[in-house]
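Residue-level structure breakdown
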Amino acid sequence: MSQSYVPNKSVPVRVRFAPSPTGYLHVGGARTALYNYLFARRWGGKFILRIEDTDEARSTIESLKMQIEDLKWLGLDWDEGPHPQTLIDKGHFGPYRQSQRRIIYKEWAEKIIAKGLAYYCFMTDEEISQQRQQAEAQGKPPQVNSPYRHWTLDQAQEKLAQGTPATVRFKVMGEKRDYVLNDLVRGEVRFPSDMVGDFVLMRSSGMPVFNFCCAIDDHLMQISHVLRAEEHLSNTLRQMMIFEALGWKLPEYGHLSIILGPDKQKLSKRHGATSCNDYRENGFLQEAMNNFIALLGWSSPQAQEILSREELIEQFSPDRLHAAAAVFDEQKLHWVNATHLRNLPHEELWQRLLPFFNQAQLEFPTDMDWQDRALSALKTSMMTLKDGVELFKPLAKTTLPFTLPAKDTMSWESSPKVVAKWRELIAAHPQRYLTEDDFHQIQEIIKKECAVKGKFLFMPIRVAIIGKPEGAELKVLIPLIDKEVLVERADMALSLMDSPL
RNA sequence: GUCCCUUUCGUCUAGAGGCCUAGGACAUCUCCCUUUCACGGAGAAGACACGAGUUCGAAUCUCGUAAGGGACGCCA
């Protein structure tokens, strides 16, 4: 690994993210997409979205749409691939959905067969599993040994003509040797060629298999760099063999570590939220998500923790990719999110909060000045946009539940007196909203007339306003709340104090 | 079973033979700010998986062991 990585200038940078549409986009996939995106943008290359939908049973158009929505949310726009709205291909190397490239794979499979480097195999599922069991019983690697390996093409074609279903198997060369991969994140990796048996290229259904289309497409789409998940590392051997059989130049590969849950097992659904969509719905910002997942296996050369998209592009380089698996730490995500949240201009922050307010049926004044003051008062306690709902609720015209510590405050001997006076004074106030000065004056009067100070003064007032004894400063909170609402809540507090608590 | 990958504070990581008494960030704890909470500021605690070797010197190189992960599919 070199100190500062620079891609080979003679090859245009073209990278791809190639998800299979079998569910939502999970955070691991998002990170792979992000790294590829950053790589392309950093080096002025193309970022391609290719859809690996050759598993007919599991691929759905709904999943494809969901994943595209998630990529759009993350802002990882692609130069080639299905159009984000219409799904119609854009770019000169299409189609970009593998299910629509079947003819291409068939042609190349036939070329490899013609070279004598692949063959038709008529083995049934039973024969294969039987062989595998036998091999395992003998302690040998569970590789298939097809009896059709040595058939002539004529023989095979005759059987094919009878309508017998056949797969196409790659013929792994006899003499054992090492295939050497120079991995961008792992350095030199050696695979012994006998690591794999004759593997399937084309299913009997005519659909190609992942390793085959991946190799074909990476070449045909002129992919220069492949950044993908670690689970593909061993697959790379097969792809290297296919490239070799066709006499093609290999792209560069970088195998990314996997993302683990808190129990150090591969992150999966049982860990709770793992899809990008979950995080979006839970009020995380796209900026924070990108920032946080970028840091899961990559570090900024300046040890910077909070980075904008531009900074990520500027600083990204594969030589700072970490080879070890990383645990997804939600706490740090929260911190990253809170930090980005506070850095957002208020106008923008408000726009992002709006969908959450609407969902909770909360309505607020539309003037920017009010919104600006409200955000200044409350955003420091906001980790996620969703937190904004509970935080802003006291500013809306709704009833609020009293919390347990609030009841404690209200049980103080002087509290009913204080709240009653507070109610009386605000009810008599001429304006719809109190100013900070108004509040101070009112507070002074209560202080004198009720002969209380300190927490015995402001805590009951606070509870009579927001239903709980902690929160933002009263002097900024009160000018944000309609007087009618303040009176209503004071009444509510009083009635609760009348009844035994 | 065979092959491949990985292993630094609880977590994310810096580190590419002497700069390491191992640095930063999140989380934790303490203090300051504050008539509450949060924000902010200062500080504390906390790690080189283990064992051999190479070397004057090893977190860094080599080999073993252990643990975790991956591949060995007509899944991707």
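Being a predicted model, the structure only gives us computed values, none of them experimental.

**Here's the deal with the protein's contact with RNA strand B**
Near RNA strand B lie 64 residues; those nearest to it are Arg186, Arg203, Thr380, Phe458 and Gly471. Within 4 Å of the protein, the contacting atoms of RNA strand B are 72% sugar and phosphate, with bases supplying the remainder. Within the side chain of asparagine 235, one N or O atom sits 3.1 Å away from a base nitrogen of RNA strand B. Between a base oxygen of RNA strand B and a main-chain N or O atom of proline 469, the distance comes to 3.5 Å. Listed by contribution, the elements that provide at least two residues to the surface near RNA strand B are α4 (125-137), β6 (167-170), β8 (187-192), α7 (235-246), β13 (326-327), α11 (330-343) and α18 (455-466).

**A closer look at the pairing of strand β11 (residues 252-256)**
Most of β11 is tucked away: four of the five residues are buried. With five bridges connecting them, strand β10 (residues 225-229) and β11 associate as parallel partners. What sits directly across from valine 226, in β11, is tyrosine 253. Regarding the hand of the β-α-β motif, the stretch spanning β10, α7 and β11 is right-handed.

**Side note on the domain arrangement of chain A**
With domains assigned, chain A is organised as domain 1 (14-82 + 259-327), domain 2 (101-256), domain 3 (344-395) and domain 4 (404-495). Distance between the C-alpha centres of domain 2 and domain 4: 75 Å.

**Looking at unusual backbone geometry**
Positive phi values are uncommon outside glycine, yet lysine 264 reaches one of about 65°. For lysine 264, the position within the fold is in the loop between β12 (259-260) and α8 (276-281). Positive phi, close to 55°, is recorded for alanine 451, a residue that is not glycine. By secondary structure assignment, the location of alanine 451 is in the loop between α17 (436-450) and α18. On the basis of relative accessibility, which here comes to 67%, the residue alanine 451 falls in the exposed class.

**Quick word on the pattern of salt bridges**
Taken as a whole and judged by the stated rule, the model has 29 salt bridges. With its nearest N and O atoms 3.6 Å apart, the salt bridge here joins arginine 190 to aspartate 178. Of the two residues, arginine 190 sits in strand β8 while aspartate 178 sits in strand β7 (residues 178-183), which places them twelve residues apart along the sequence. Residue arginine 190 is classed as partly exposed on the basis of its relative accessible area of 48%. Here the residues in one salt-bridge network are Arg16, Arg50, Glu52, Arg101, Asp217 and Asp218, joined through shared partners.

**A short note on the nonpolar core**
Phe328, Phe392, Leu395 and Trp422 are the most contacted members of the largest nonpolar core, which totals 105 residues. Ranked by residue count, the leading element in this core is helix α1 (residues 27-42), at nine residues. Look past the residues within four positions of tryptophan 422 in its chain and what remains in contact with it is Phe439, Ile442, Ile446, Ile461, Ala464, Ile465, Ile478, Leu486 and Ala490. Of all hydrophobic cores here, the second largest spans 47 residues; its members include Ala109, Ala118, Phe212 and Cys213.

About the cut-offs
- Residues numbered from 1 in each chain as written.
- Chains lettered and ligands numbered in written order.
- Predicted model: local features only at pLDDT ≥ 70, side-chain atom pairs only at ≥ 80, totals over all residues.
- Heavy atoms only, no water.
- Near = heavy atom within 4 Å.
- Polar contact = N/O pair within 3.5 Å; in protein donor to acceptor, adjacent residues only side chain to side chain.
- Helix = DSSP H or I, 4+ residues; strand = E, 2+ residues; numbered from the N terminus.
- Buried < 20%, exposed > 50% of the residue type's maximum accessible area, 1.4 Å probe, protein only.
- Pairing = 2+ DSSP bridges.
- Right-handed = clockwise from strand over helix to strand, strands pointing away.
- Domains from an automatic or database assignment.
- Salt bridge = Lys/Arg side-chain N within 4 Å of Asp/Glu carboxyl O.
- Core = buried A, V, L, I, M, F, W, Y, C linked by side-chain atoms within 4.5 Å.
- Contact = heavy atoms within 4.5 Å.

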